[in-house]
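# Close look at the chain arrangement
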Amino acid sequence: MFDIVGKRFWFFLISGAVILIGIISLAVFGLKTGIEFSSGSLMTVSFEQEVSQDELRQELASLGYTNVIIQRTGQGDFFVRTQELSPEDKTELETALAARFGTLEEREFNSVSPMIATETANNAAIAVAVAAIGILLYITWAFRRMPRPFHYGACAIIALIHDALIALGVFAILGAVFGWEINLMFITGILAVIGYSVNNTVVVFDRIRENLARGVSSNFEVVVNNSLVGTLGRSLNTSLTTLFVVVALLLFVGMTIQNFAVVLLVGIVAGTFSSLCIAPTLLVVWEKREWGRFIQWLPLSALKTRGE
Amino acid sequence: MPRRNTLVFILILIIFALAVSVVLPIDEGILGEKGMRMGLDLQGGIHMVYQADLSRIEPGEEASVIEGVMLVISNRINPLGVTEPVIQKQGQDRILVELPGIDITDKEKERLSRVAILEFGELAADEEEAKWENELGRWKPAMAVVDGREKELTSAYFKENTYVSQDNLGRIILAFEWDEEGSRLSEAITGRLINQPLGIFEGDAPLLGDDDLPIAPIIRSVITDRGQIEGLSYDEASSLSKQLNAGRLPVSLEIIYDQTVSPLLGTDFIEMSVKAGLIGIILVMLFMVIYYRLSGVLACLALIFYGSLVLAIFKLVPVTLTLAGLGGFVLSIGMAVDANVLIFERMKEELRTGRTLGAAIEAGFNRAWTAIRDSNVTTFIVCGILYWLGSSIVASAPVMGFALTLFIGVAVSMFTAIVVTRTFLRLFVGSRLARKTSLFSVYSGGK
């Protein structure tokens, strides 16, 4: 039988390193927010004739739009993000672009005022916070017959924060490299990941509950490991089937829900890892109160790897 | 037990037949209803939120003012030919306007929310500030003092009976009448501006004639009660006339949210999501059959049942499908097999301990149930919160659509796994196939 729990410090080390990279990226690059959260206008246009991104940028700059973000889609459309445009500004801009580049088709236009943006950002933050608290309370309740039910809730929440941090870190990097933005679909994706990741965690916890009741072993570490191995097949298979559909979404639906699909992709991978390797092992660490041992182990492991 | 199971099996077949008959054809509904309801991002259209400036309205009057605004907007929308416009009050001072499936010009969009559609201007002196500038000169609003207050001349003073006609030379004219206050204003202004041009403007731009030149007639005589605008194309004149007759807004409106999607873009999205959904389903089915063999085949049948039932519910509720909603549906396909996977894994464990198929099925379902229940509750919590988030913000459609489709998807998947898959599996109990446990994916050389 695999010993998963026994490698717990390694898992913490891997997750810690990934999260650290994520946090550093967040601190260095920050997150780029979409118009839903920071207001502005986003226009999707396509031109009949060939127009390069640089030409478009120069033309926009000459019209006084210096602070624009331009992205080209696979189909040759352009996303043009500007400050909030009034209908008059927009007509003027489109007329000028048509005069320079010939006929253009406006495929999509989205404009958000600062007031709406603030509301949306606040409510999205509230939603994420309420989701975390709701899940903590629910799991504590669902495992109320166990000794220390709060530990289960707390470990599930730590796993969930772990997944969210990794997704944020990945988006900080994607933002810096490709100019990807955090938008409402991103938040929707994060919440879906939270639900998904906790779903996995609960399946493992459920097995721990059952195995404890059956008295599989008096050693909590063995019980947790048995439960993990018992649910391993299910966890991996469910993750795989979900990944199949997410990849299909990503490949065939493209730009518009790209953010959403990528958050799901990252979240499912991180969520599978955390629900198998972080949440249950944290439970063991907490039960055995071996936080100190982990700290002592860290420099040792560095020495060991160097020695090998 | 077997007889009861056969009954449930027949019931499942009936539900499946009903679901399919509801779903097909996709673009038509049952009992004369419309087909699958598509959101703005899939069928194109406009979603706008206006904020009304109520600062000058007497306290207590706000609600009736907003109602008046909504009526005018609705009158202005009618001539555009939208089949199902939505005009809703949001909060105290906001109005949501949804115009599905149409593509209107920016000019038409602007006209919906303009207080007075046309404004009149006179040439500004060199040192004066100009509001408009064009090839004919620099213009300022034409103003006069009426009832002791200086007022601008606009189409707000038109009676709501403008019409399009032809003069005896065959030119198109847009005829209008001033109301009582308007005629006094017009009398004062045109009296002062004899032999000078009167500019006509719409927003920041001059009103353009058939020849693309600004319309600015020279005033020959004092105009009191009625007048006409010449030089417009017929289409322009008749559209303008309809908008003018829709009435004026009592307060000014600001667009605080605008989402406009070309209907052409939407059809692409539907095609792409259907493709993604199909490929996703095929991959999931292949995986299930390869890994779980006969159980996997049953899970695939359950998945087909699942898909039809979910789509039928979407149509019956009805759920407005958005791109995000379709994403939620596609995602739920991946998650729908989760309950099956949980049960099959449990069954495999039970079979390994040497139980018969019948006993393994029952034990597998019973043991997996708490995990299925508790783990899906967390998804339901998240769906509830997403639904709240969606209802609390302006850009609501994607978030709410996703929450709703995911919720329906997960709920139906619990039902299909527990009822449908179990019934299918029980059909095999006692049959010859049941003895070949390899069909249920137990490796003989297993751990």
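Counting of residues starts from 1 at the beginning of each chain's written sequence and follows it residue by residue. Whichever chain is written first is A, and whichever ligand is written first is 1; the rest continue in order. Restriction of local features to residues with pLDDT of at least 70 applies here, the model being predicted, together with a cutoff of 80 or more for giving and counting side-chain atom pairs; totals for whole chains, interfaces and linings are based on all residues.

### As for the overall build of chain B
Every helix listed is a DSSP run of H or I at least four residues long, and every strand listed is a run of E at least two residues long, numbered separately from the N terminus. Assigned secondary structure in chain B consists of 10 helices and 14 strands. Throughout, radius of gyration means the C-alpha value; the globule benchmark is 2.2 Å times the number of residues raised to the power 0.38. For 447 residues, the compact-globule formula gives about 22 Å, and the C-alpha radius of gyration of chain B, at 33 Å, lies well above that figure. Each of the three principal axes of chain B carries a C-alpha extent, and together these read 105 × 50 × 40 Å. Whether a residue is buried, exposed or partly exposed is read from the other C-beta atoms within 10 Å of its own C-beta, which are placed from the backbone; 20 or more gives buried, 12 or fewer gives exposed, and intermediate counts give partly exposed. Expressed as a percentage of the 447 residues in chain B, the buried residues total 45%.

### Structural notes on the domain arrangement of chain A
The domain boundaries assigned to chain A delineate domain 1 (5-34 + 116-307) and domain 2 (40-112). Inter-centroid distance (C-alpha atoms) of domain 1 of chain A to domain 2 of chain A is 40 Å. Marked domain ranges trace back to an automatic or database domain assignment.

### Digging into the packing of helix α4 (residues 87-101) of chain A against helix α4 (residues 106-113) of chain B
It is at 10 Å that the axes of α4 of chain A and α4 of chain B come closest, and there the two elements cross at 170 degrees. Taken together, α4 of chain A and α4 of chain B sit at an angle that is classed as roughly antiparallel. Of the residues in α4 of chain B, those touching α4 of chain A at Pro 87, Lys 90 and Thr 91 of chain A are Asp 106, Lys 109 and Glu 110 of chain B. Charged residues are taken to be Asp, Glu, Lys and Arg, nonpolar residues to be Ala, Val, Leu, Ile, Met, Phe, Trp, Tyr, Cys and Pro, and polar residues to be all remaining types, Gly included. Residues of the contact of α4 of chain A with α4 of chain B, tallied by class, amount to 1 nonpolar, 1 polar and 4 charged. A fitted line through C-alpha atoms serves as each axis, taken over the contacting stretch for helices, and the angle formed by two N-to-C directions is quoted from 0 to 180°. Any angle that is under 35 degrees is reported as roughly parallel, and any over 145 degrees as roughly antiparallel; angles of 65 to 115 degrees are reported as roughly perpendicular and all others as oblique. Two residues qualify as being in contact provided that their C-beta atoms, derived from the backbone, are within 7 Å of each other.

### Remarks on the interface of chain B and chain A
Counting residues at the interface gives 59 residues for chain B, matched by 57 residues for chain A. Mapped onto the side of chain B that touches chain A, the elements with two or more residues apiece are α4, β14 (253-261), α7 (263-316), α8 (323-352), α9 (357-392) and α10 (396-426) of chain B. Sort the elements by how many residues they give to the side of chain B that touches chain A and α9 of chain B lands first, with 15 residues. Looking at the side of chain B that touches chain A, its residues break down into 36 nonpolar, 14 polar and 9 charged. Should DSSP find at least two bridges between two strands, the strands are regarded as paired. When strand β4 (residues 104-112) of chain A meets β14 of chain B, the two strands line up antiparallel, connected through 5 bridges. Its bridge partner lying in β14 of chain B, Phe 109 of chain A is registered against Thr 260 of chain B.

### Section: the confidence of the model for chain B
Values of pLDDT, which run from 0 to 100, indicate the predictor's confidence residue by residue. Averaged over every residue, the pLDDT of chain B is 83; the share at 70 or more is 94%. Two summary scores accompany this predicted model of the complex, namely pTM at 0.81 and ipTM at 0.84.

### Details of the nonpolar core
Among soluble globular proteins, nonpolar side chains are generally buried collectively. In these notes, a nonpolar core means any group of buried Ala, Val, Leu, Ile, Met, Phe, Trp, Tyr and Cys residues linked to one another through C-beta atoms within 7 Å. Counting 177 residues, the largest nonpolar core has Ala 156, Ala 167, Leu 191 and Leu 264 of chain A together with Leu 386 and Ala 403 of chain B as its most contacted members. Ignoring anything within four residues of it in the chain, the contact list for Ala 156 of chain A reads Ile 135, Ile 139, Val 198, Thr 201 and Ala 279 of chain A. Among the nonpolar cores identified, the runner-up in size contains 28 residues, and Leu 153, Leu 174, Phe 176 and Trp 178 of chain B belong to it.

### What to know about the sheet that holds strand β4 (residues 119-123) of chain B
All names here are of chain B. Read across the open sheet, the 5 strands follow the order β5-β6-β4-β11-β12; overall the sheet is antiparallel. In the strand order of this sheet, the two ends are held by β5 (132-134) and β12 (205-206), each with one partner. Here strand β11 (residues 199-202) runs beside β12; their pairing, made up of 2 bridges, is antiparallel. Note that in β12 the partner of Phe 201 across the bridge is Pro 206.

### A closer look at the pairing of strand β1 (residues 40-47) of chain A
A regular strand carries its side chains on alternate faces of the sheet. Residues and elements named next belong to chain A. In terms of burial, β1 is largely enclosed, as 6 of its 8 residues are buried. With 8 bridges joining them, β1 and β4 adopt antiparallel strand pairing. Of the residues in β4, the one forming a bridge with Ser 46 is Glu 105. Relative to strand β3 (residues 78-82), β1 is paired through 5 bridges, and the arrangement is antiparallel.

### Description of the packing of helix α7 (residues 184-214) of chain A against helix α9 (residues 258-288) of chain A
Residue and element names in this part refer to chain A. Their axes nearest at 8 Å, the elements α7 and α9 cross at an angle of 25 degrees. Taken together, the axis directions place α7 and α9 in an arrangement best described as roughly parallel. For α7 against α9, the interelement crossing comes out right-handed. Among the residues forming the contact of α7 with α9, the class breakdown is 15 nonpolar, 11 polar and no charged. Here a crossing is taken to be left-handed if its near helix is turned anticlockwise relative to the far helix by less than a right angle, and right-handed if that turn runs clockwise.

### Some thoughts on the confidence of the model for chain A
The predicted coordinates ought not to be read in detail in places where the model reports low pLDDT. When pLDDT is averaged along chain A, the result is 86; 96% of the residues meet or exceed 70. Element-level mean pLDDT values for chain A span from 71 in helix α10 (residues 291-307) of chain A up to 92 in helix α1 (residues 8-29) of chain A.

### What about the environment of Met 38 of chain B?
Residues and elements named next belong to chain B. By secondary structure assignment, the location of Met 38 is in the loop between α1 (2-23) and α2 (40-43). Judged by the 24 C-beta atoms lying within 10 Å of it, Met 38 falls in the buried class. Filtering out sequence-adjacent residues up to four positions away, Met 38 remains in contact with Gln 43 and Leu 321.

### Structural notes on the environment of Val 145 of chain B
Note on placement: Val 145 of chain B falls in strand β7 (residues 143-146). Between the C-alpha atoms of Val 145 of chain B and Ser 155 of chain B, which are 10 residues apart in sequence, the distance is 17 Å.

### Here's the deal with unusual backbone geometry
Residues and elements named next belong to chain B. The omega angle of the peptide bond from Val 317 to Pro 318 is -15 degrees, so this bond is cis rather than trans. Within the element layout of this structure, Pro 318 appears in the loop between α7 and α8. Unusually for a residue other than glycine, Asn 195 sits at a positive phi of about 65 degrees. Within the secondary structure, Asn 195 sits in the loop between α5 (180-192) and β11. Look at Arg 293: it is not a glycine, yet its phi comes out positive at around 50 degrees. One can find Arg 293 in helix α7.

### Some remarks on the sheet that holds β3 of chain A
Taken in spatial order, the 8 strands make up an open sheet running β2(A)-β3(A)-β1(A)-β4(A)-β14(B)-β1(B)-β3(B)-β2(B), and their pairing is antiparallel. Of all the strands in the sheet, the pair left with one neighbour each is β2 (69-72) of chain A together with β2 (86-90) of chain B. Direction aside, the axes of adjacent strands within the sheet are offset by 20 degrees on average. The pairing of β2 of chain A with β3 of chain A spans 4 bridges and is antiparallel. Bridge pairing links Ile 69 of chain A to Arg 81 of chain A in β3 of chain A. Seen against the sheet, helix α3 (residues 62-77) of chain B touches β1 (45-52), β2 and β3 (94-100) of chain B and runs at an angle of roughly 20 degrees to β3 of chain B.

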